[in-house]
Amino acid sequence: MSSGSLSDDDFAGSSDFDEEYDSDDGSDMEYEQAGDVGFSDMITEKQRKKAYEVDFSVMPLADILSAQSSASNHVAGILGVTLDQAATLLRAFKWNKERLVERYMDNPQEILDQAGVVLEEDVSPVVKRPKGFVCMICFDDSSSGPALALRCHHVFCQPCYEHYLTQKIVEEGESRKILCPESGCNVVVNEQTIKKAVPQAVLDKYRKLQDRAYVADLDILRWCPAPNCENAIECRLPYSSFTSIVPTVMCSCGYKFCFGCGLGDHQPAPCGLVKMWQKKCADDSETANWISAHTKECGKCQSTIEKNGGCNHMTCRKCKYEFCWVCMGPWSEHGTSWYNCNRFEESSSTDARDQQAKSRASLERYLHYYNRFANHEHSAKLDRDLYTKTEKKMEEMQRTSDLSWIEVQFLKKAVDVLTSCRMTLRWTYAFAFYLAKNNITELFEDNQRDLEVAVEALSELLEKPIEREKIAELRQQVLDKTVYVGSRREVVLEDTAKGLAEGRWEFFTEFAKV
Amino acid sequence: MALPKRIIKETERLLADPAPGISAIPHEDNLRYFDVIIEGPNQSPFEGGVFKLELFLPEDYPMAPPKVRFMTKIYHPNIDKLGRICLDILKDKWSPALQIRTVLLSIQALLSSPNPDDPLANDVAQHWKENENNAIQTAQEWTRKYATA
Ligand SMILES: [Zn+2]
Ligand SMILES: [Zn+2]
Ligand SMILES: [Zn+2]
Ligand SMILES: [Zn+2]
Ligand SMILES: [Zn+2]
C-alpha cells in the first residue's frame with residue numbers, strides 16, 4: 001500500500017481530458033530530473049500538506065484480497081467458525097468486524113440465521129441422490145448422477161446447481177448472498193459449494209464480484225474509476241465531512257478524482273454543489289438555448305412566447321392571456337390605441353415587467369456562470385489541440401536542429417498545468433453561482449480573476465508561432481508563466497478550502513451530502 | 001428447440017390436476033405460452049369475477065421466473081393498468097424450485113389480500129389506504145363490469 005496526498009507535481013498529471021491525449025509519464029520524470037529551475041520552488045513545497053489536500057492511500061487489488069482474508073481469519077479465530085463461514089458472516093455485516101463479534105456474542109443463532117450460515121462440521125456438498133429423489137428444478141428422477149446439497153439438505157442435481165449458480169453470478173452479478181435454490185430457504189451457498197459446482201471461469205467471476213462488493217460495502221474504500229485500473233483508494237474521512245472538504249485523490253495510475261462522489265476532480269466545489277449544478281445544467285441546457293432576445297414569458301402563466309409577426313397584440317398559446325408585447329400589460333386595458341402603446345407606466349404592466357425582469361435576470365445570471373463554466377472546458381480542449389500541433393512542429397525542429405528532446409518538453413508541462421487550471425476555474429464558476437455576495441466573496445472573485453488572467457496569458461503564449469532562434473526565450477517565458485499560473489491556482493484552492501472548513505462561505509441553498 | 005422435460009411434466013400435471021379456481025392451458029403452437037383463468041376468491045372484492053391472464057415461460061425458465069400479466073382489467077393496488085403484477089416471487093424472491101402452479105396460487109392469494117404498502121398502481125394504492133371501503137367498492141364494480149362473462 002503506498003501512501004500519499006496530492007502535491008504540486010501531481011496536479012499537472014491528469015484531467016477530464018485524459019482520453020484525448022496520451023500522457024507519457026516517463027517524460028515528466030525525466031523532465032524533473034533535468035532539474036529545471038522553474039519548478040524547483042514548487043518541488044520543495046511538496047511535503048507540506050495544503051488546505052485542499054486530504055490523506056488517502058492507494059490499495060492495489062492484492063491488498064484488497066488480503067484485507068478480506070485477514071478479516072475472515074480474525075473472525076474465524078474469535079468465533080470458532082470456518083473461514084468460509086466467517087466471510088459470509090462478515091459480508092452480512094458489511095465487514096464491520098466489531099459489530100459482528102458483539103452481536104454474535106449476544107445471540108449467535110439469530111446472527112447465523114440472518115446471515116444464512118449453518119454450523120455443522122465441514123461436509124462436502126456433493127451428496128448421493130436419496131431414495132425417491134426428484135430434482136425440483138429439472139424434474140429429473142434418475143437415481144444416479146451427481147447432486148449437491150447445502151446443510152439445509154435441499155438436494156438438487158449437479159447440472160441444475162451449476163446452471164442456477166451461473167445464472168446468479170454471470171447474469172445477475174450476485175455474490176454477497178446467493179441463497180439455496182429452494183424457495184424460501186435462507187441458507188447461503190458457500191464458496192466450497194460454488195467451487196464444486198461451477199467451472200473455473202464462473203468461479204473467477206464470483207471472486208471478482210466479491211472484491212467489488214467488498215469495496216462497495218466499505219465507506220472508506222472507492223474504486224479508481226479509470227478504465228482498466230484495478231486499484232481502490234482508501235480515505236478515512238467521514239462522508240458527512242464532504243460538505244466542507246472536497247476530497248480529491250489521485251490513484252497511482254495517475255487518475256485524479258473525487259473520493260466523495262467518484263467524478264473527476266471538481267475542486268473547489270463540494271460534491272453536493274456539483275451534483276446540484278449538474279442537475280441544473282441538465283435541466284436548463286435546452287431552456288438556455290431556446291430563450292433568446294426574441295422570446296418573452298407570458299405575464300400570467302410564465303410560458304415562453306415567441307413574437308414572429310409585427311403585431312403587438314399577443315395571445316399566449318397556453319393560457320390564452322392577451323397582452324401587449326411592448327409593455328407586457330393586459331390587452332384589455334389597451335382600448336383601441338394598440339398600435340401606439342402608451343401604457344408603459346401603468347401599474348399592471350409594471351408588475352408584469354417586473355416579474356419578467358426577475359425571471360430574465362435569474363436566467364441571465366445562470367448563463368453568466370454557465371457560459372464561463374462551459375468555456376473553460378471548451379478552451380482546455382482547444383489548448384490540447386494546439387499542443388498536438390505544436391508538438392509535431394517541435395519534433396520536426398528536433399530532427400532538423402540541435403534541440404534535444406528534453407528541451408522541447410516544456411510545452412507539454414505547460415499544457416498539463418493549463419488544463420488542470422482550467423478545470424479548477426470551471427468549477428469556481430459553479431461554486432460562484434451558489435455563493436451569496438458579500439465582502440468575503442470579493443476576495444474570492446479577485447483570486448478567481450487573477451487565475452483566469454494568468455491562464456489566458458499562458459494560453460496566448462502557447463499560440464505564438466515558434467521560431468527556432470527564439471526558442472530559448474519562449475521556453476523561459478512559458479516556464480515562468482507556468483509556475484505563476486500554478487501558484488495562482490494554489491491561492492484559489494487554499495482560500496476556498498479554508499473557507500469551506502471555516503464555514504466562511506454563505507451559499508444560497510443547502511446542499512446535501514454525497 | 002425441444003421443450004425441457006420440466007416444462008412437459010409441469011404442463012401434464014397442470015392439466016391433469018388443476019388447482020381449484022385456476023386453469024392454465026398451453027397454446028398448441030407455442031407450448032411456452034399459457035392462457036390462464038383465475039376465479040376471484042370468495043370473500044374478496046373480486047368474488048364472482050373470472051380473470052384472464054397470459055403466462056409465458058422465457059428461454060431460461062426455470063432459472064428465470066415466468067412472465068405473467070392480467071388481460072382482464074382489475075382494480076388492485078399491486079396490479080397496474082397494463083396488467084403487470086407486483087409479486088416478490090416473480091422478481092427477487094423467485095426460486096427455480098417454484099412452479100407455474102405455485103405462481104398462480106400466489107396470484108390468487110394476492111387477490112384475497114391486496115398489499116397497498118407495496119404498490120404498483122400508485123393511485124389505486126392511495127385510494128386503498130385512504131378509504132378502503134370505497135376502494136373495495138370500486139374493485140367490486142370493476143369486477144362486475146369487466147370480469148363477468
Ligand atoms: Zn436438476
Ligand atoms: Zn436449502
Ligand atoms: Zn487508477
Ligand atoms: Zn465529489
Ligand atoms: Zn400564458
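How each quantity is defined
Residues numbered from 1 in each chain as written. Chains lettered and ligands numbered in written order. Predicted model: local features only at pLDDT ≥ 70, side-chain atom pairs only at ≥ 80, totals over all residues. Heavy atoms only, no water. UniProt positions renumbered as here; feature names shortened; annotations may be inferred. Helix = DSSP H or I, 4+ residues; strand = E, 2+ residues; numbered from the N terminus. Buried < 20%, exposed > 50% of the residue type's maximum accessible area, 1.4 Å probe, protein only. Contact = heavy atoms within 4.5 Å. Areas by Shrake-Rupley, 256 points an atom, 1.4 Å probe, with all protein chains shown as cover. Arc of directions from axis to C-beta. Donors = N, O, S within 2.8 Å, 3.2 Å for Na, K, Ca; no water. Tetrahedral: all angles 85-135°; square planar, octahedral: opposite > 155°, others 65-115°. Pairing = 2+ DSSP bridges. Axes fitted to C-alpha atoms, helices over the stretch in contact; angles between N-to-C directions. Core = buried A, V, L, I, M, F, W, Y, C linked by side-chain atoms within 4.5 Å. Buried area = accessible area lost by both parts, 1.4 Å probe. Salt bridge = Lys/Arg side-chain N within 4 Å of Asp/Glu carboxyl O. Polar contact = N/O pair within 3.5 Å; in protein donor to acceptor, adjacent residues only side chain to side chain. Nonpolar A, V, L, I, M, F, W, Y, C, P; charged D, E, K, R; others polar. Parallel < 35°, antiparallel > 145°, perpendicular 65-115°, else oblique.

- Looking at an unreviewed UniProt entry, one finds chain B named E2 ubiquitin-conjugating enzyme, with Podila minutissima as its source organism.
- In its Sequence similarities (unreviewed entry) section, the UniProt record describing chain B reads: "Belongs to the ubiquitin-conjugating enzyme family."

- In the nomenclature of an unreviewed UniProt entry, chain A corresponds to RBR-type E3 ubiquitin transferase from the organism Podila minutissima.
- Under the UniProt heading Catalytic activity (unreviewed entry), the note attached to chain A is "[E2 ubiquitin-conjugating enzyme]-S-ubiquitinyl-L-cysteine + [acceptor protein]-L-lysine = [E2 ubiquitin-conjugating enzyme]-L-cysteine + [acceptor protein]-N(6)-ubiquitinyl-L-lysine."

**Points about the overall build of chain A**
Okay, so step 1: Tallying secondary structure elements over chain A gives 15 helices and 13 strands in all.
Okay, so step 2: Looking at chain A residue by residue over its 514 residues, the buried ones come to 47%.
Okay, so step 3: Taking the intrachain contacts of chain A between residues at least 6 apart in sequence as the baseline, contacts between residues at least 24 apart amount to 62%.
Okay, so step 4: As displayed, chain A has an accessible area near 25,800 Å², and 51% of this comes from carbon and sulfur atoms.

**Some words on unusual backbone geometry**
Okay, so step 1: Omega for the bond connecting Q267(A) with P268(A) falls within 30 degrees of zero, at 5°, which places this linkage in the cis form.
Okay, so step 2: Here P268(A) is to be found in the loop between β9 (256–258) and α11 (271–290).
Okay, so step 3: The omega angle of the peptide bond from Y61(B) to P62(B) is 10°, so this bond is cis rather than trans.
Okay, so step 4: Examined against the element boundaries, P62(B) turns out to sit in the loop between β3 (50–56) and β4 (67–70).
Okay, so step 5: A positive phi angle, close to 65°, is found at W95(A), a residue other than glycine.
Okay, so step 6: Here W95(A) shows up in the loop between α5 (83–92) and α6 (97–106).

**Details of α6(A)**
Residues and elements named next belong to chain A.
Okay, so step 1: Turning to α6, its buried residues are L100, V101 and Y104. End-on view of α6: buried residues confined to an arc of 95°, all on one side of the axis. α6 presents E98, E102 and D106 as exposed residues on the side facing more than 90 degrees away from its buried surface.
Okay, so step 2: Packing partners of the buried residues in α6 comprise α4 (61–79), α5 and α7 (108–115).

**Points about the coordination of the zinc ion (ligand 3)**
Residues and elements named next belong to chain A.
Okay, so step 1: The zinc ion (ligand 3) binds to the protein through C224 (SG), C229 (SG), C251 (SG) and C253 (SG); the donor distances cover 2.2 to 2.3 Å.
Okay, so step 2: Of note is the zinc ion (ligand 3), whose 4 donor atoms meet at the metal with angles of 106 to 117° in an arrangement that counts as tetrahedral.
Okay, so step 3: Counting along the primary sequence, the residues that act as donors to the zinc ion (ligand 3) give the motif C-x4-C-x21-C-x1-C.
Okay, so step 4: Exposure remark for C224: the relative accessible area of 5% places this residue in the buried category.
Okay, so step 5: Overall, the relative accessible area of 12% leaves C229 in the buried class.

**Some points on the UniProt feature "active site" (unreviewed entry) in chain B**
Okay, so step 1: In this numbering, the UniProt entry assigns the feature "active site" (unreviewed entry) to C86(B).
Okay, so step 2: Position of C86(B) relative to the elements: it lies in the loop between β4 and α2 (100–112).

**Let's talk about the coordination of the zinc ion (ligand 1)**
Residue and element names in this part refer to chain A.
Okay, so step 1: Distances from the zinc ion (ligand 1) to its protein donors, C135 (SG), C138 (SG), C157 (SG) and C160 (SG), fall at 2.2 to 2.4 Å.
Okay, so step 2: Angles of 100 to 123° at the metal separate the 4 donor atoms of the zinc ion (ligand 1), which places the site in the tetrahedral class.
Okay, so step 3: A relative accessible area of 0% places C135 in the buried class.

**What to know about the sheet that holds β4(B)**
All names here are of chain B.
Okay, so step 1: The strand order across the open sheet built from 4 strands is β1-β2-β3-β4, with neighbouring strands paired in antiparallel fashion. At either end of the open sheet lies a strand with only one pairing partner, and these are β1 (22–26) and β4. Shown here is a sheet whose adjacent strand axes are inclined to one another by a mean of 20°, direction ignored.
Okay, so step 2: Note: β1 against strand β2 (residues 33–39), 5 bridges, orientation antiparallel.

**A few points about the nonpolar core**
Okay, so step 1: Core analysis: the biggest nonpolar cluster contains 37 residues, and L53(B), F70(B), I85(B), L104(B) and I107(B) have the highest contact counts within it.
Okay, so step 2: For this core, the leading source of residues is α2(B), giving 6 residues.
Okay, so step 3: With residues up to four places along the chain from it excluded, the contact list for I107(B) reads I38(B), L53(B), V68(B), F70(B), I85(B) and L87(B).
Okay, so step 4: Core analysis: the second largest hydrophobic core is formed by 30 residues, C152(A), C160(A), C185(A) and I194(A) among them.

**Some thoughts on the interface of chain B and chain A**
Okay, so step 1: Each partner contributes residues to the interface: chain B has 14 residues there, and chain A has 14 residues.
Okay, so step 2: Carbon and sulfur atoms supply 60% of the area that chain B and chain A bury against each other, a total of about 1,200 Å² over both sides.
Okay, so step 3: The largest per-residue losses of area from chain B upon contact with chain A belong to R6(B), M63(B) and A97(B), which jointly make up 43% of the total buried on that side.
Okay, so step 4: With a shortest N-O distance of 3.8 Å, D141(A) and K5(B) are connected by a salt bridge.
Okay, so step 5: Remark: the boundary between chain B and chain A carries 4 residue pairs in polar contact (both at pLDDT 80 or more).
Okay, so step 6: In terms of residue class, the side of chain B that touches chain A is made up of 6 nonpolar, 2 polar and 6 charged.

**A word on the packing of helix α3 (residues 122–130) of chain B against helix α4 (residues 132–146) of chain B**
Residue and element names in this part refer to chain B.
Okay, so step 1: As a packed pair, α3 and α4 sit with axes 5 Å apart at the nearest point and diverge in direction by 130°. Compared by their axis directions, α3 and α4 come out oblique. Residues H127, W128 and E130 of α3 lie in contact with α4, whose contacting residues are E132, N134, A135, I136, T138 and A139.
Okay, so step 2: Here the contact of α3 with α4 is built from residues that sort into 4 nonpolar, 3 polar and 2 charged.

**Quick look at the side chain of D80(B)**
All names here are of chain B.
Okay, so step 1: Along the polypeptide, D80 turns up in the loop between β4 and α2.
Okay, so step 2: At 3.0 Å, the side chain of D80 forms a polar contact with the backbone nitrogen of L82.
Okay, so step 3: Here the side chain of D80 touches R84 through a polar contact of 2.6 Å, side chain to side chain.
Okay, so step 4: In contact with D80, not counting residues within four places along its chain, are L120 and A121.

**As for the sheet that holds strand β4 (residues 147–149) of chain A**
All names here are of chain A.
Okay, so step 1: Within the open sheet, the 3 strands sit side by side as β3-β4-β5. Their pairing is antiparallel. Sheet topology places β3 (126–127) and β5 (155–157) at the edges, where each strand pairs with a single neighbour.
Okay, so step 2: Here β4 pairs with β5 via 3 bridges, running antiparallel. Pairing of L148 across the sheet is with F156, part of β5.
Okay, so step 3: Taken strand by strand, helix α8 (residues 158–171) contacts β4 and β5, and its axis lies near 90° from that of β5.

**Overview of the pairing of β4(B)**
Residues and elements named next belong to chain B.
Okay, so step 1: Only one face of β4 is covered, namely the face carrying V68 and F70; the face carrying K67 and R69 is uncovered.
Okay, so step 2: Two strands pair when backbone bridges link them, and β3 and β4 are joined in this way by 4 bridges, in the antiparallel orientation. Bridge pairing links L55 to V68 in β4.

**Quick notes on the environment of A97(B)**
Okay, so step 1: Looking at where A97(B) falls in the secondary structure, it is placed in the loop between β4 and α2.
Okay, so step 2: Exposure remark for A97(B): the relative accessible area of 11% places this residue in the buried category.
Okay, so step 3: Distance from A97(B) to M63(B), taken between C-alpha atoms, is 8.9 Å for residues 34 residues apart in sequence.
Okay, so step 4: With residues up to four places along the chain from it excluded, the contact list for A97(B) reads M136(A), I137(A), F156(A), P181(A), E182(A) and S183(A).

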